[in-house]
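Structural overview for review
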Amino acid sequence: FHANLSASSIHTFSTKRGATRGSHPDATVSVPEGANSGCGVATLPLAAPFPFPYLTHFNETGRFRDYPKYLSDINGVFRVVVGSGGEAVLRQQMLDRSSVDPPNGYARSVIGSKEWTNFSVAVDATLPADANDTAFVCVIVRIGHGYLFGPAGGYVLKLAATGAWSLLVGDHTTVLATGSTGSPRGVWRELRLTVVGNSVSGSIDGVVAGRGNDTTWADGLAGVGSGFHNASFRALRIEAPDLVSGRVAEIPVQVVP
């Protein structure tokens, strides 16, 4: 077939009979003088800031299939599944790294605002009971850095299957603190990472694991991550830290059903 295309337009061709173009329920379309019917400039309502504080149990209504609402994968495949207790959990399902991944690349999914600065992120995480020693789960803060053709950056609290933990700058080569605790194999462990100014602190099951200071990343999104193996997450919380003590303030949390 052939078609005459109009300038400054987007055209869609489909083999499906009755196919229609997409629409936005709140958009208004202004048709320029002389334009074909259906053509025009769409004006969308201004975007609202991402809600803060924020809590999700990954059981939101209106979700597309098993895709988590608002989360965006950076490597890996994170999907909502039914956990062993019948609750909704987020699971990383990609079992091998891509050929284009860097050697220190890992599966990550991010959420929130790239303008967030001082905040705390907590999530319950677990690994399969038979996970090998190299498997890990992590929580991430200040990742993204605008994605201006550079490293994603951020800070990471990483807990390995062996129980070894690390507080890291996002490239995983700069270590702020290390230690050891119980393994996340077959059990849920709460990972919490808090940033206030240049201070970075991580806790596991409510106990402070390590602290460090770094000036590399000033703002960015929140996220969770793991190696290229199954890992599960539940109850993702993004909250404001107490700017005096670095602890999480007792504030209301917005719950997304």
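Residues numbered from 1 in each chain as written. Predicted model: local features only at pLDDT ≥ 70, side-chain atom pairs only at ≥ 80, totals over all residues. Heavy atoms only, no water.

1. Topic: the overall build of the protein chain
To keep things clear, this is the line we draw: Segments assigned H or I by DSSP are reported as helices when at least four residues long, segments assigned E as strands when at least two residues long, and all are numbered from the N terminus. Classification of residues uses two cut-offs on accessible area relative to the type maximum, computed with a 1.4 Å probe and protein chains only: under 20% is buried, over 50% is exposed, and between them is partly exposed. All accessible areas in this document rest on Shrake-Rupley with a 1.4 Å probe, and a residue is counted as covered only by the protein chains that are shown.
Check the secondary structure of the protein chain and you find zero helices and 18 strands. Here the protein chain, with 257 residues, has 41% of them falling under the buried criterion. Total accessible area on the protein chain stands at roughly 14400 Å², and carbon and sulfur atoms take up 53% of it.

2. Concerning the sheet that holds strand β7 (residues 107-111)
Selection criterion: Strand pairing is assigned whenever DSSP detects at least two bridges linking the two strands. Angular values range over 0 to 180 degrees, each being the angle between N-to-C directions of two axes fitted as lines to C-alpha atoms, with helices fitted over their stretch in contact.
The strand order β4-β7-β16-β9-β10-β11-β12 describes an open sheet built from seven strands, whose pairing is antiparallel. In this open sheet, the two edge strands, each paired with only one partner strand, are β4 (72-74) and β12 (175-180). Neighbouring strand axes in the sheet, compared pairwise and without regard to direction, differ in orientation by 20° on average. With five bridges joining them, strand β9 (residues 136-143) and strand β16 (residues 221-226) adopt antiparallel strand pairing. Within β16, the position partnered with Cys 138 by the bridge is Gly 225.

3. Looking at the pattern of salt bridges
If charged atoms from side chains of opposite charge come close, those side chains can pair. Short version of the rule: Whenever a carboxyl oxygen of Asp or Glu lies within 4 Å of a side-chain nitrogen of Lys or Arg, that contact is scored as a salt bridge.
This structure, assessed with the given rule, holds nine salt bridges. Of the charged contacts in the structure, one is a salt bridge between Asp 73 and Arg 79, with a shortest N-O distance of 3.4 Å. We note a salt bridge from Arg 185 to Asp 133, for which the minimum N-O separation is 2.4 Å. With Arg 185 in the loop between β12 and β13 (189-196) and Asp 133 in the loop between β8 (119-126) and β9, the pair connects residues that are 52 residues apart, well separated along the chain. Here the salt bridges do not stand alone but share partners, grouping Glu 87, Asp 124, Glu 190, Arg 192, Arg 234, Arg 237 and Glu 239 into one network.

4. As for the packing of aromatic side chains
The relation between two aromatic rings is expressed through the spacing of the ring centres and the mutual angle of the planes. How we decide: Only Phe, Tyr and Trp rings are paired, with Trp represented by its six-membered ring, and only when their centres lie within 6.5 Å; those with planes under 30 degrees apart are stacked, over 60 edge-to-face, the remainder tilted. Placement of a positive charge over a ring is assigned whenever Lys NZ or Arg CZ falls within 6 Å of the ring centre and within 35 degrees of the normal to the ring plane.
Summed over the entire model, instances satisfying the criterion amount to 10 aromatic pairs. Ring geometry for Phe 50 and Tyr 70: centres 5.5 Å apart, planes at 85°, overall edge-to-face. Taken together, the residues span a long stretch of sequence, with Phe 50 in the loop between β2 (41-43) and β3 (54-56) and Tyr 70 in the loop between β3 and β4 at a distance of 20 residues. By relative accessible area, which is 46% here, Tyr 70 ends up partly exposed. Ring plane angle 40° and centroid distance 5.6 Å describe the contact between Phe 64 and Tyr 67, whose orientation is recorded as tilted. According to the relative accessible area criterion, Phe 64 is exposed, its value standing at 52%. Judged by relative accessible area, which is 37%, Tyr 67 ranks as partly exposed. Of the aromatic side chains, those joined through ring pairs into one cluster are Phe 50, Phe 52, Tyr 54, Tyr 70, Trp 116 and Phe 119. One Lys or Arg, Arg 108, reaches over the ring of Tyr 106 and ends 4.7 Å from the middle of that ring.

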